[in-house]
Every structure is written in structure tokens, then in C-alpha cells.
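Listed below, chain by chain, are the residues.
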Amino acid sequence: MMSDKNRVLIFDTTLRDGEQSPGATMTHAEKIEIAQMLDEMGVDIIEAGFPIASEGDFAAVSEIAKNAKNSVICGLARAQFADIDRCWEAVKHARQPRIHTFIGTSPLHRAIPNLDMDQMAERIEQTVTHARNLCDNVQWSPMDATRTEHDYLCRVVEIAIKSGATTINIPDTVGYTAPRESAELIRMLLERVPGADNVIFATHCHNDLGMATANSLAAVEAGARQIECTINGLGERAGNTALEEVVMALKVRHDIMPFDTGIDTTKIMGLSRRVAQVSGFPVQFNKAIVGKNAFLHESGIHQDGVLKNIETFEIMRPADIGLNEANISMGKHSGRAALRAKLSELGYEVGDNQLKDVFVRFKALADRKKEVYDDDLVALMQDSAANTEDDFLQVKHLRVVCGSDGQSADLTMIVGGEEKSVHSEGDGPVDACFKAVQKIWPHNAELQLYQVHAVTEGTDAQATVSVRMAEEGRIATGQAADTDTILASVKAYVGALNRLKLRREMVGPDADAKQVSMYSH
Ligand code: KIV
Ligand code: ZN
């Protein structure tokens, strides 16, 4: 049990509930890297995946378990012995392993495996007991708890506690609850369920009505001591509770919510950027805490106030979340040492070889753009991680004609080391370019998302482009940045095709997850 009654555990499920979001699939290496960053940030429990879902999930959870230094490593399992055994096989390598098993308890969810109340109660007793026989640390969740009859919820929570669960998680699976109700539900369980004092209650909220953060905090005020969340609020539909929002809310409003987490908040921005990059889900500009505009004071009145007294309009400092306050620009005369120091400030530690490569890209950018800002460097780092000289498909040369007289593209690409050139017409320059890529590398992938953002202000700003493609149930994203929006678009498109090709060919950990049903039959 926790010694400090006001300590709130942070349970991050970016790699499980977040990654489950269509299109957010991460590679094995990316999952390992994100887990390491979460561990270093002070996340108490990392839900690293759903081991029975695929070989890839199993391999990722096992390796994360082996590497973890401080965090508890948790895996998800349905209420089935095979799931729980597989989960244990993956998490058992951790210094502190946890099995998280769940079943849908609301009337709608009970109907799917066709279990009546008694049969489900029996299944819960058997599976939680089985999990507890394997592992001392067992979390149990009644999926769709917020739409489960209160009497039945109390009954099954009591059974789970008696069967050995050490954490009871109360999910608002469809993002339906509201703050007062979220608090009342936790309070009701703490009051009515025998043995509730001996376990930790967790809150797991989805954001369908935009209330996930408020619902999580209300649950904490009522007695929950674990918040389940994801970086950037990543997750299916409208996502999960955003880690950065609950953590910063508890920090900034400690006066009225006197609860502590173990999170090093200065690591928030680095994680947010990295998760946005590897998941292919960009952060909306006005997103609380980590959005590009979250600390911008554009209007004259605001700027005046901030200059006179920073607290006039700023309730937290950018440095609190690891955002560099002085966005001092760099230019073409800046040297390697300055670049390395600036990258380090932004959370990128680069070795000598990487610095060499990044420096060349930086110089090329500085030649085209007078001032290179922090955001430009972040975009450059993301581009250099996403598109490399080892890629099977590479854009070598692009010439585009556009304007009122028609649009066409002349494109040269390297395909598996071989150079190929084509000419293509299209409805607009981007369409002409994508058709040219299709001519060089015929494919049946469907374009699901094409998004362009300007990195900074000004007509010489870089554009970051995100592309999401789908092919036979596999989804891959590509990202690129360039001052030439059309070139960035083609590079992002080709990047997504490279990732799809890799997915198609893989049989190991990066092979796509099977779509497993969330129901226990
Ligand atoms: O939202 C949900 O109910 C879940 C469970 C698997 C805990 O993610
Ligand atoms: Zn969930």
C-alpha cells in the first residue's frame, strides 16, 4: 500500500490504449524508446501492450519489462486463462510486473459473451484468482463500469478484491460520465464494497465528451489514487485522458487539489513531440499544455500584460514542461557546437555521426530560411528520423509545374537502389506528384489523411506534412518537413509507402497486430 495518502499514481497506457487507436501503430523500436522515456519521466505504471494480441505486442511487452528501471510494467489480458498466461510470460521479466485483466460488466457488454450476471461473477473470480496465483500485483477492470448497475458493480468489485486484485480500475470506456457522477461512483464503491480500503482505486476515462481530464480529477478528489492516461491524450475515437493535463492540473492547482505525482514535468514536451512523431497523430495547435499555441500571447493586451508581469496571463512557465522559453533563432553562421547545445536543450542528445548528418540538413535549411527557430529544429529532427538514406524508396529529384495553365510533375526516385523517372499530370501539384509516385511504385494503398501545417510564421516557413495510408488492414504514417510544401508532401507520402512495405514484409515484432476482440468468450 502507498504510505502517502495524497500520492496519485500515474498509469500510462500510451503503448496499449493509445497504440490501439487506428493508425497509431508504432514499431517495436519506437515502443521501446517511448517506454524508456516514460520510465525516466517517473511514470509509476507503464501499460506496455496486450501480449496475446500479436507476436509484436508480446515481444514489446517482454523487452520493455526487461529494460524498465523504476516503473511497474503491466500487460493487458481478457478474462481468459490463455490471455492471462501469455500476459504473465511477457511481464514476468520486470522487476515489478503487473497483470491487468478485464471484462465488460455493463448490460450491453455482458450481452456480447452471452454471460448472465452469475456466470460473469464466477468468471471474474476464476480469472482474478488465476492472475493472482501468477503475480502479486493484479489490476482488475470492469469495462464500461460507468454504465454498469451499481449493485452489480459493487458485487463484482468485491469478488475481484476477494480473489486477490490489488488495484481496481473503473473505466469510463465510452467517455459518457461527467465529473460529479465520476466522483460519486468512486465514493459509492469506497463506501459500499467490503475490503475497498485495502486496494487502490483507479480512474480510466475516455474523452468522447471532452470531460476526461475533469472526470479523472473528480475521481481523485473522491478517493481514486491512480489515473490512467496517455501522452497527448492519444487513443481511440476522442482519445484517453491526457497525462500532461492531469499532471499539470495537479501541479498548478495544488492549492485546491493537494495531490502529488512522481512525474518530472520537464520531460513532458519531449515525450509529447516524440509520441506525436511516432504515432503520426500531430498535436492540435491549441491543445492544453503541449499545443504549439499553449504559451503564445499574440493579442496586444496579452503581450502588454505578460511583459509587465508574467503572471498576468501565464499560470505556468514553459520551462515547467520542458519548453525552452527563449526561442532564440539560429542562422547559417551557427556552428556545430551551438547546434548540438540547442538540440540538447530541446531534448535531443545526438552523437557525432548523427550531428554530422543533422548539421548538413541544418545548413541547407539555414541557406533557405534566414532564421531557424526551435520549432524548425524540432521539425528537422523529426524529418531526419522519418526519412533516411537507408529507405527503400527515396525522392531524388522533383520538378513541379503549377498555375492556371495546368499542373504536372517530373519525379525521379531511387527504388531499391535503382533510379526511375516519370512525368505525370494531375489535378493540382500534389495530385500530379502523388500520381507520379504511383507510376514509379504501383500500389493499392488508400490515402486516409493528408495534413499540412506551417512550422513557424512567414512565407519562408517550413511545412510539416503528415500522410496516413491503409492497405489490407495495415496502416502506416509518413511525415516530412521542408520549406517546399510540395516536396514535403511527396516525402511524407513516400515515407508512408516505405513503412507499409516494411509492415507487409515483416513477420517479427513489427508485423501488424491481429485485430483481437476485446470480449472474453
Ligand atoms: O476503456 C476501457 O474500458 C479499457 C479497458 C480495457 C480497461 O481500456
Ligand atoms: Zn480505454
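Residues numbered from 1 in each chain as written. Chains lettered and ligands numbered in written order. Predicted model: local features only at pLDDT ≥ 70, side-chain atom pairs only at ≥ 80, totals over all residues. Heavy atoms only, no water.

For the protein, an unreviewed UniProt entry supplies the name 2-isopropylmalate synthase and the organism Paracoccus sulfuroxidans. Taken verbatim from the UniProt record of the protein, the Cofactor (unreviewed entry) comment is "Mn(2+)". (UniProt positions renumbered as here; feature names shortened; annotations may be inferred.)

Visitor: Could you give an account of the UniProt feature "domain: Pyruvate carboxyltransferase" (unreviewed entry) in the protein, with specific residues and numbers?
Guide: As annotated in UniProt, the feature "domain: Pyruvate carboxyltransferase" (unreviewed entry) corresponds to residues 8-269 in the numbering used here. Helix makes up 44% of residues 8-269 and strand 18%, with an end-to-end C-alpha separation of 21 Å. (Helix = DSSP H or I, 4+ residues; strand = E, 2+ residues; numbered from the N terminus.)

Visitor: Got a sec to walk through the site of ligand 1? Specific residues and values, please.
Guide: What surrounds ligand 1 is the set Arg16, Asp17, His100, Phe102, Ser141, Met143, Asn169, Pro171, Thr173, His204, His206 and Met518. The separation between an oxygen atom of ligand 1 and a polar side-chain atom of Asp17 is 3.1 Å. At 3.0 Å from an oxygen atom of ligand 1 is found a side-chain nitrogen or oxygen belonging to His206. In isolation ligand 1 exposes 260 Å². Once the protein is present, 97% of that is buried. Of all the secondary structure elements, the ones that give two or more residues to the shell around ligand 1 are helix H1 (14-18), strand S4 (97-104), strand S5 (138-143) and strand S6 (167-172). Its residues placed into classes, the shell around ligand 1 shows 4 nonpolar, 6 polar and 2 charged. (Near = heavy atom within 4 Å. Polar contact = N/O pair within 3.5 Å; in protein donor to acceptor, adjacent residues only side chain to side chain. Areas by Shrake-Rupley, 256 points an atom, 1.4 Å probe, with all protein chains shown as cover. Nonpolar A, V, L, I, M, F, W, Y, C, P; charged D, E, K, R; others polar.)

Visitor: Go over the pairing of S5, please, and point to the residues and values.
Guide: With 6 of 6 residues buried, S5 is to be regarded as a mostly interior element. The alternating pattern of S5 places Val138, Trp140 and Pro142 and Gln139, Ser141 and Met143 on opposite faces, both of which are buried. Both S4 and S5 contribute to a ladder of 6 bridges, which runs parallel. Within S5, the residue paired with Phe102 across the bridge is Ser141. Bridge analysis of S5 against S6 gives 2 bridges, and the strand direction is parallel. What sits directly across from Trp140, in S6, is Ile168. Handedness of the crossover joining S5 and S6 through helix H7 (residues 150-162) is recorded here as right-handed. (Buried < 20%, exposed > 50% of the residue type's maximum accessible area, 1.4 Å probe, protein only. Pairing = 2+ DSSP bridges. Right-handed = clockwise from strand over helix to strand, strands pointing away.)

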